[in-house]
Amino acid sequence: MNRIPDKALFEKACALYAEWNSRINVVSRKDIDNLYGHHILHSLAIRQYLLESGQLRDGLSILDVGTGGGFPGIPLAMTMPGCSFTLCDSIGKKVKVAQAVAEGLGLENVRCVNARAESIEGQFDWVVSRAVTTLDSFYPWVKGKFREGILYLKGGDIDQEIAQMCRKCKVDPSKVSAWAINNWLNDEYFNEKFVIQIRKN
């Protein structure tokens, strides 16, 4: 079943990232001390959105595009052990960190791939990502790769960006919604940060 792991596993994740980040920079050095609050919790907003919208269930297959060192994929895999995750990034050294952290945490539901999103074969229930580019650039990378939709972590003034994606990529605006993360995390850091859902149907 999907669950929140005990505190010790999160602490282990933070320790692994601190160790690897000293060798391969996947999180800003000045932000590594905020790893749990700014990166792990931010990633888990996707899980919380799925939970609150009644879409969280075991058996989901999820593709994390532009995962870097494993965000949002690894925190999601930690808390959604009944789901399978493919984490992809075009930068090999970042994938190496994600793979090492996943192995260090004993995550058997994670596969890490050094590849561009366009080259990943097959379909997934969800595509997730954490602000790797603008929505109108991202959508063509993953079009046709999801059965349910896209869950995209994005901050700032999102209305114009959503409108531009809908116009350029011919996406029906009624299929796009935004959920404010500070509905869940009452923290100034998450003001104007959203989970954007783009539904297939």
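Values in this document were obtained by computation on a predicted structure and should not be read as measured data. (Residues numbered from 1 in each chain as written. Predicted model: local features only at pLDDT ≥ 70, side-chain atom pairs only at ≥ 80, totals over all residues. Heavy atoms only, no water.)

Draft legend 1. Fine view of the sheet that holds strand S4 (residues 124-130). Spatial strand order, S3-S2-S1-S4-S5-S7-S6: seven strands in an open sheet with mixed pairing. Looking at which strands have only one partner, the edges of the open sheet turn out to be strand S3 (110-114) and strand S6 (176-180). For this sheet, the mean inter-axis angle between neighbouring strands, taken without regard to orientation, is 20 degrees. On top of the sheet, helix H4 (residues 92-104) reaches strand S2 (84-89) and S3; it is set at about 165 degrees to S3, its chief contact. (Pairing = 2+ DSSP bridges. Helix = DSSP H or I, 4+ residues; strand = E, 2+ residues; numbered from the N terminus. Axes fitted to C-alpha atoms, helices over the stretch in contact; angles between N-to-C directions. Contact = heavy atoms within 4.5 Å.)

Draft legend 2. Representation of the pattern of salt bridges. For the coordinates displayed, the defined rule picks out six salt bridges. Residue Arg57 is joined to Glu148 by a salt bridge in which the shortest nitrogen-to-oxygen separation is 3.6 Å. Placement of Arg57 in the loop between helix H2 (35-52) and strand S1 (61-65) and of Glu148 in strand S5 (residues 146-155) is noted, with a sequence separation of 91 residues between them. For Glu148, a relative accessible area of 31% corresponds to the partly exposed category. Arg147 is paired through a salt bridge with Asp125; the nearest N and O atoms lie 3.1 Å apart. Placement of Arg147 in strand S5 and of Asp125 in strand S4 is noted, with a sequence separation of 22 residues between them. Take Arg147: its relative accessible area is 36%, and that puts it in the partly exposed class. (Salt bridge = Lys/Arg side-chain N within 4 Å of Asp/Glu carboxyl O. Buried < 20%, exposed > 50% of the residue type's maximum accessible area, 1.4 Å probe, protein only.)

Draft legend 3. Just the side chain of Asp89, in detail. Residue placement: Asp89 occurs in strand S2. No salt bridge is formed by the buried Asp89. Its closest oppositely charged neighbour is Lys94, at 5.8 Å. A polar contact of 3.3 Å, which involves the side chain of Asp89, links it to the backbone nitrogen of Thr67. Polar contacts involving the side chain of Asp89 include one to the main-chain amide nitrogen of Ile91, which spans 2.9 Å. (Lys, Arg positive; Asp, Glu negative; His and termini not counted. Polar contact = N/O pair within 3.5 Å; in protein donor to acceptor, adjacent residues only side chain to side chain.)

Draft legend 4. Broad picture of the packing of helix H1 (residues 7-21) against H4. Between H1 and H4, the least distance of the axes is 10 Å, while the angle of their chain directions is 145 degrees. Crossing hand, H1 versus H4: right-handed. Here H1 contributes Lys12, Leu16, Tyr17 and Trp20 to the contact with H4, which in turn contributes Lys96, Val97, Ala100, Val101 and Gly104. Considering only residue class, the contact of H1 with H4 consists of six nonpolar, one polar and two charged. (Left-handed = near helix turned anticlockwise from the far one by under 90°. Nonpolar A, V, L, I, M, F, W, Y, C, P; charged D, E, K, R; others polar.)

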